[in-house]
Amino acid sequence: MASEAPDYFQPEAGLVLTHLLIVRDVDRSREFYQRVLGAQVIRERLPAILRFHNSYIVINDEGGPTDDKPDVQAQAPADSRTLSSAMNVRVTDVRAVYELWRSRGGEFLTEPKDHGIEIRCYLRDPDGYLIELGQGTGILAEMGRAST
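Just so we're clear, the structure is a prediction, and the values are computed from it rather than from any experiment.

### Regarding the overall build of the protein
- Each helix and strand counted, the protein has three helices and eight strands in total.
- Reading the protein from its N end, one meets helices and strands in the order β-α-β-β-β-β-α-β-β-β-α.
- Its C-alpha atoms give the protein principal-axis dimensions of about 50 × 40 × 30 Å.
- By residue count, 32% of the 148 residues in the protein fall in the buried class.
- By sequence separation, contacts in the protein at least 24 residues apart represent 52% of the contacts at least 6 residues apart.
- Accessible area of the protein: about 9300 Å², with a carbon and sulfur share of 49%.

Here you go:
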């Protein structure tokens, strides 16, 4: 069952969880998430906010400390081979979404691989953030739910 994202600026239930990405080039990243993943741009920049199905991706520049985080540096990943954070996107047909995103220019590390409990594959955004694309299979049976 698909659901719409709550209003980012004034959530009905008082809370919206988003994923913040610190990037080197906001315009490049915004364009990637819009073009490849099909996210809808809600705000262009400072920060860029994109609706992605039932959630949001917030994209902002690197930068130094601010008055509310006085000893924190905001930086994109130092390299694309070190994983400290990833977005996980769950879908009902991983192969169809893989083909769609690939046709839009998404560069995957591998094609979808069946790991028994799930089928998954990964792509990187322009700053090296890893995006996992997966479909529950055997895990659904473990949980007493049928896979589709």
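### Comments concerning helix H2 (residues 94–103)
- Considered for burial, the residues of H2 that qualify are Val-94, Val-97, Tyr-98 and Trp-101. Each buried residue of H2 sits inside an arc of 105 degrees when the element is viewed along its axis, so together they form one side.
- Structurally, H2 contributes buried residues whose contacts are with strand S3 (48–52), strand S5 (86–90), strand S7 (118–124) and strand S8 (130–136).
- Positive phi appears at Gly-105, one or two residues downstream of H2, with a value of about 105 degrees.

### Remarks on the environment of Gly-134
- Along the polypeptide, Gly-134 turns up in strand S8.
- On the accessibility criterion, Gly-134 (0% relative accessible area) is buried.
- Between the C-alpha atoms of Gly-134 and Arg-95, which are 39 residues apart in sequence, the distance is 9.1 Å.
- In this structure, Gly-134 is in contact with Val-89, Arg-90, Val-91, Val-94, Ile-119 and Arg-120, ignoring residues within four places of it in sequence.

### Notes on the sheet that holds strand S6 (residues 113–114)
- As summarised here, the arrangement of the four strands in space is S5-S8-S7-S6, forming an open sheet in which the pairing is mixed. One side of each edge strand has no neighbouring strand; the edge strands of this open sheet are S5 and S6.
- In the sheet, S5 pairs with S8 via five bridges, with the strands oriented parallel. The residue of S8 that forms the bridge with Asn-88 is Glu-132.
- With respect to the sheet, H2 is in contact with S5, S7 and S8, its orientation differing from that of S8 by roughly 150 degrees.

### Focus: unusual backbone geometry
- A cis amide bond links Leu-46 to the next residue, Pro-47, at an omega of -10 degrees.
- Positionally, Pro-47 belongs in the loop between strand S2 (40–43) and S3.
- For Leu-46, which is not glycine, the phi torsion reads 60 degrees and is therefore positive.
- Mapped onto the secondary structure, Leu-46 falls in the loop between S2 and S3.

### Details of the sheet that holds S3
- The sheet built from four strands is open, its strands ordered S1-S4-S3-S2 with mixed pairing. Two strands in the sheet have a free side with no partner beyond their single neighbour: strand S1 (18–23) and S2. Each strand axis lies, on average, 30 degrees off the axis of its neighbour in the sheet, ignoring direction.
- Judged from the three bridges that link them, S2 and S3 form a sheet pairing that is antiparallel. Among the inter-strand pairings, Arg-43 is bridged to a residue of S3, identified as Ile-49.

What counts as what
Residues numbered from 1 in each chain as written. Predicted model: local features only at pLDDT ≥ 70, side-chain atom pairs only at ≥ 80, totals over all residues. Heavy atoms only, no water. Helix = DSSP H or I, 4+ residues; strand = E, 2+ residues; numbered from the N terminus. Buried < 20%, exposed > 50% of the residue type's maximum accessible area, 1.4 Å probe, protein only. Contact = heavy atoms within 4.5 Å. Areas by Shrake-Rupley, 256 points an atom, 1.4 Å probe, with all protein chains shown as cover. Arc of directions from axis to C-beta. Pairing = 2+ DSSP bridges. Axes fitted to C-alpha atoms, helices over the stretch in contact; angles between N-to-C directions.

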